[in-house]
Amino acid sequence: MTRTGSTNVRFDKFRHSDVLLHHSRELAVRPGRRHFTWRRFISWHAVSSMLVIPPALYAQAEAQDTPAVLEEVVVLGTLIPRQDYVSTSPVLTIGRDELDLGKRQSIAEILNQYPQFVPDRTLNAAGSTPPRAGAASVNLRGLGGGRNLVLINSRRLGPSGADAAVDINQLPVGLVESVEILTGGASSTYGADAVSGVVNFNLRSDVEGMELNAGGGRSDRGDGESGNISLLGGTGFAQGRGNVSAFLGFLDQDNVTRADRPYARVPMADDWRTGELYETGSFNLPSGRSELPAVLDGELAEAGLTFDEQGRPRPFNPSEDFYNFNRLEDLRYSQELTSFGALLHYDLDEDTRVQLDWIASDGTTVHHMAPATLLMNQLVVNLDNPLLHPQTRQLLASNYDAAGTGFVTLPFAYRSAQVGNRQRTFDRDTHWINLELTRSWSEDWRWTAAYTHSDARMKLFQAGGAYESRIQQAVLVDPASGECFNPENGCAPADIFGPARLSGEAVAFIRSDPYITREDTEQQIVSLSARGRVRAGRDYQLPLAMGLEWREDTTDYRPDPALLETAAFLNEYPIRGSDHVAEAYGELLLPLVAGARWAELLELEFGARYSDYSKIGDEWTWKFGMNWAPSSAIRFRGSYQRAARAPNMQESYRALVESTFALEGSRFRDPCAASNRPQDIPGYTELCLAQGIAPENLATFEPSPVFLVTSRSSGNTDLQVEMADTYTLGAVWTPESVSGLSLTLDYYRMELSDQIIYLRDGDAFELCFATGNDRDLCNGIQRTPGGDLSQVRGTFHNLEGVTTAGYDLALRYHLPLEVPWDWASSLDLSLLASRLVTFEASVASGVKYECAGKYDFPCHGGVRSKLRTLTNAVYRSGPLTLGLSWQWLDGADSVYGEYLGNLGLPYIEPESGLGDQSYLDLNMEWQLREKLSASFGIRNLTDTMPPLIPNGSTNTDTSVYDPLGRRYHVGIRLGF
């Protein structure tokens, strides 16, 4: 809060980083002169047409006849109390009014509007099979949710899983007072993971009284209903020496299926050879499908066979015979979330405070999926099976049993539609607790000891699957008895050659029990810090902060072992490990000039941190920053920071899992095939031979019609730490001639090296050829002497890295209005924008891709628009508040064509690229009584549908773009 009066301006104590600030030093300001404060410059956000930035809070202090009083604060990005509220790094602050403006129900929904973020999963987004449905992480600068640090009241919030990403949906909107976003490396200040920046959530404490909020909404299609209710209350005690505040909130939202939106009703794909878009789906059908070519009625069915309702064979037609799973898949999940917490502080005496903060959440998310696909690479069928249609029996015998054994073996895919739809239910419990003791031992020094504990528990129920092994058992039928040859487990004969041909007994036999996966993630932190001033002379003091920290992370991810026996759900990998790190750090502020004619302020800032990791050894990170204010109207700032990130649990300790799958030669683009002329590309011949193909077969090799490949996937214990260098240079301008106007402009550049990234087996295979025999990428690829691929490997790699640069611009203008009615009125305008100049991803030595304005593999991380803006206009008049928000996202092009070109393959990009997207939100709130208000709003006012991305699934990026269209919300707030 900022209190303004006729004589002074005073700022409440504001705490960041490792220590609470409990004392202040008042600085006298010469009468008749405005005092330069960072808070004057950054209190809101804004932006202009080309960049992104960091604003913070600002307050206008008019010249008065009496001194102004300004308390010390700790700025995000440094541990040192500052009397001018200035950060050398760009900081964006989202205040309570802005958090409340759109009445959004999750923190992720709010943050993903801001240009600094490339959205990850959110409450509104559903992919095909995300690992943690309903969770949402912050993704600063598009470098990934595990590369930015998340804090609560400047203390770490632990990861929500083995991938080190933090689920911010566990934080209720109503409990957050403000959000501070530091965009840039901050490892020297906050430790590992702060590669792309820091997001700090300040919670509402020192609450007096009660506040009830309730709201709900739905789309204008009549679906997507959601509701929320929360209660916040608090009271002081012990004659004002303490306060306890508590919160309880509940959120409920319904699912929306892909069939409910025209763009997602049928999966779309693009033909990489012609550029044409076409409807597609899964080739795994409820009628069953054999991939082997066969002769049927004298005609060759090159694409294999499927079967009709009577169980008779017919040729499979790839352009027509596909299964539309989108009619049953979720576009948005259903979710219930209960969150609660309490914040307590008590002053033992004038110099000592004890504080206890606790937040917990209990959530359930349900993900609906189409019926399972059963992939049997070597299905064995006895030809005298009495359930076979005579025509099917004859075809199988004539095509696949030349030796007359009475048995055939063939790859077979079957979708178990009669078993029913699949459902994944995520139950998550999270707890975060922070206990700290702060005490001053002199006028200038204060120490803080703290213990912080985070834990996340997840239980995943996956129902609706079926056992491949039981399918195999059930198709071997004794012709004499009509029963299974092997009657174990109550086997019932199954006819999978045709749709809806299973008996009720067969359905019950092949249906699997629910698979149960569990995950436990825990983080513990013990820290001791001190800060104060070192006197370097009678009138010269050096602000200093230092500390020690010990941190331990443990993860135990236990997928159901039975998942390895089915293709009904994703193969999952056990992860178990524990790492710890011990750290020592320090920061020094060096004031050089104050009050000079050419410099109101000139200062330097230094910081360093030493980290000793149990897994990878020791590492240094550091920073250097400078602030220069030539006058009270303008300030220049710059910084250089070295940041680091150690491999997380998933990257290091993911267990080895092997699986076998079938590939069709006609659909597999093999660079070693003779038709692709590997001899024309330098290094390809040697690479194919090194993978195991016999030299005498290289000139004639073509992939077999169907062949089996073993995929090996695991973590990588040999990974090294990621390193990042961040450079920022900016200016803050508040012209005295234009009251209420503030502008910040910052340039940033991040250079991330040895980036850790997971490459699936297929991606590693293709990049092996793109790089021309990169040892790490090509490791694990094997072929048979005949040439067919036999083994591939997927794992994590330290690749070349990423270089990203751009501009941030924030602009805000507050204009008091004179109106003919007796209500105080004003108009607040803000513009926040980010201009992405480059995002160059070096996926391997000599292979680089420009991802700015691009999407698709190998540019991981979603759509990266070159320009993103958020504009807010808020009109206030008496009890009425009207707000209009406008979000703009530049269009983007696919980079996949360039990637295929590097492989020597032709590609024509579809004509339908991603156009510019624009979203408008309208909100209104009316203060009915002193402590009673009602609100109404429309999100996506123009009902803008997302652009088409032919990905064979949702057909768009449901995290970046609004997948639901126009929707309405109402709310009420009551204080008592």
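Residues numbered from 1 in each chain as written. Predicted model: local features only at pLDDT ≥ 70, side-chain atom pairs only at ≥ 80, totals over all residues. Heavy atoms only, no water.

Caption draft 1: Main features of the overall build of the protein chain. Per the secondary structure count, the protein chain includes 12 helices and 48 strands. Long-range pairs, those at least 24 residues apart, make up 73% of the contacts in the protein chain with a sequence separation of at least 6. With an accessible surface of roughly 37600 Å², the protein chain has 54% of that area assigned to carbon and sulfur atoms. (Helix = DSSP H or I, 4+ residues; strand = E, 2+ residues; numbered from the N terminus. Contact = heavy atoms within 4.5 Å. Areas by Shrake-Rupley, 256 points an atom, 1.4 Å probe, with all protein chains shown as cover.)

Caption draft 2: Geometry of a nonpolar patch on the surface. The grouping of Phe237, Leu344, Leu356, Trp358, Ile433, Leu435, Tyr451, Val526 and Trp550 at the surface amounts to a nonpolar patch, some 700 Å² of accessible area in total. Elements with a minimum of two residues in the nonpolar patch: strand E23 (352-369) and strand E26 (422-440). Structurally, leucine 344 is set in strand E22 (residues 334-349). The exposure class assigned to leucine 344 is partly exposed, which follows from its relative accessible area of 32%. (Patch = residues over 30% accessible without salt bridge, like charges linked within 9 Å, V, L, I, M, F, W, Y side chains within 5 Å. Salt bridge = Lys/Arg side-chain N within 4 Å of Asp/Glu carboxyl O. Buried < 20%, exposed > 50% of the residue type's maximum accessible area, 1.4 Å probe, protein only.)

Caption draft 3: Quick peek at the sheet that holds strand E20 (residues 313-315). The 5 strands are arranged E20-E19-E16-E25-E24 in an open sheet whose pairing can be described as antiparallel. Either end of the sheet is taken by a strand with one partner, and the two such strands are E20 and strand E24 (373-382). Looking at chain direction, strand E19 (residues 305-307) and E20 are connected through 3 bridges and run antiparallel. Along E20, the bridge assignment pairs phenylalanine 307 with proline 313. The sheet contacts of helix H5 (residues 390-400) involve strand E16 (289-290), E19, E20 and strand E25 (407-415), and relative to E25 the element is tilted by about 120°. (Pairing = 2+ DSSP bridges. Axes fitted to C-alpha atoms, helices over the stretch in contact; angles between N-to-C directions.)

Caption draft 4: Highlighting the pairing of strand E9 (residues 197-203). Burial of E9 is extensive: 7 of the 7 residues sit out of reach of the surface. Of the pairings in the sheet, the one linking strand E6 (residues 148-152) to E9 comprises 5 bridges and is parallel in character. Each bridged residue has a counterpart across the sheet, and for leucine 149 the counterpart in E9 is valine 198. Inspection of the sheet shows strand E8 (residues 176-183) paired to E9 by 7 bridges, in the antiparallel sense. The residue of E9 that forms the bridge with leucine 182 is valine 198.

Caption draft 5: Fine view of the sheet that holds E8. Across the sheet, 5 strands lie side by side as E5-E8-E9-E6-E7; this open sheet has mixed pairing. Two strands lie at the open edges of the sheet, namely strand E5 (91-94) and strand E7 (155-156), each paired on one side alone. Where E5 and E8 come together, 4 bridges link them in antiparallel fashion. Bridge assignment links valine 91 to a residue of E8, and that residue is leucine 182.

Caption draft 6: Here's a closer look at the confidence of the model for the protein chain. Summing up the model confidence of the protein chain, the mean pLDDT is 85 and the portion of residues at 70 or higher is 88%. In this model, residues 1-71 is a region of pLDDT below 50 whose contacts with residues beyond four sequence positions or in other chains number 281 contacts. (pLDDT = per-residue confidence, 0-100.)

Caption draft 7: Spatial organisation of helix H6 (residues 468-475). Of all 8 residues making up H6, 6 are buried, and the element is well covered by its neighbours. On the buried face of H6, the contacting elements are E24, E25 and helix H7 (504-510).

Caption draft 8: Geometry of the packing of aromatic side chains. For the structure shown, the criterion picks out 20 aromatic pairs. Ring centres of phenylalanine 283 and phenylalanine 316 lie 5.4 Å apart, and the angle between their planes is 80°; on these two criteria the pair is classed as edge-to-face. Note that phenylalanine 283 is positioned in the loop between strand E15 (277-279) and E16 and phenylalanine 316 in the loop between E20 and strand E21 (330-332), a separation of 33 residues in sequence. On the basis of an interplanar angle of 85° and a centroid distance of 5.1 Å, the ring pair of phenylalanine 307 and phenylalanine 497 is categorised as edge-to-face. With phenylalanine 307 in strand E19 and phenylalanine 497 in the loop between H6 and H7, the pair connects residues that are 190 residues apart, well separated along the chain. The same class applies to phenylalanine 307 and to phenylalanine 497, which are both buried. Clustering of aromatic rings is evident, with ring pairs tying together Phe668, Tyr684, Phe707, Phe765 and Phe769. Lying across the ring of phenylalanine 569, arginine 422 places its NZ or CZ 5.8 Å from the centre. (Phe/Tyr/Trp six-rings, centres within 6.5 Å; stacked < 30°, edge-to-face > 60°. Lys NZ or Arg CZ within 6 Å of the ring centre and 35° of its normal.)

Caption draft 9: A look at the state of the cysteines. The tally for this structure, following the rule as stated, stands at 4 disulfides. Residue cysteine 672 pairs covalently with cysteine 688 via a disulfide, S to S 1.9 Å. Between cysteine 672 and cysteine 688, the S-S dihedral sits near -100°, and the bridge is therefore left-handed. Linking cysteine 672 in the loop between strand E34 (657-664) and helix H9 (684-690) with cysteine 688 in helix H9, this pair joins segments that are 16 residues apart in sequence. (Disulfide = S-S within 2.5 Å.)

Caption draft 10: Seen up close, helix H10 (residues 761-771). Of all 11 residues making up H10, 9 are buried, and the element is well covered by its neighbours. Every buried residue belonging to H10 is among Asp761, Asp763, Ala764, Phe765, Glu766, Leu767, Cys768, Phe769 and Thr771, and all of these are buried. Backbone geometry just downstream of H10 places glycine 772 in the positive-phi region, at approximately 75°.

Caption draft 11: Molecular detail of the environment of histidine 345. The topology assignment puts histidine 345 in strand E22. In this structure histidine 345 comes out as buried when scored by relative accessible area, which is 9%. With 100 residues separating them in the primary sequence, histidine 345 and serine 245 have C-alpha atoms 9.3 Å apart. Ignoring any residue separated from it by four or fewer positions in sequence, one finds histidine 345 in contact with Asp206, Phe237, Arg241, Gly242, Asn243, Arg353, Val354 and Gln355.

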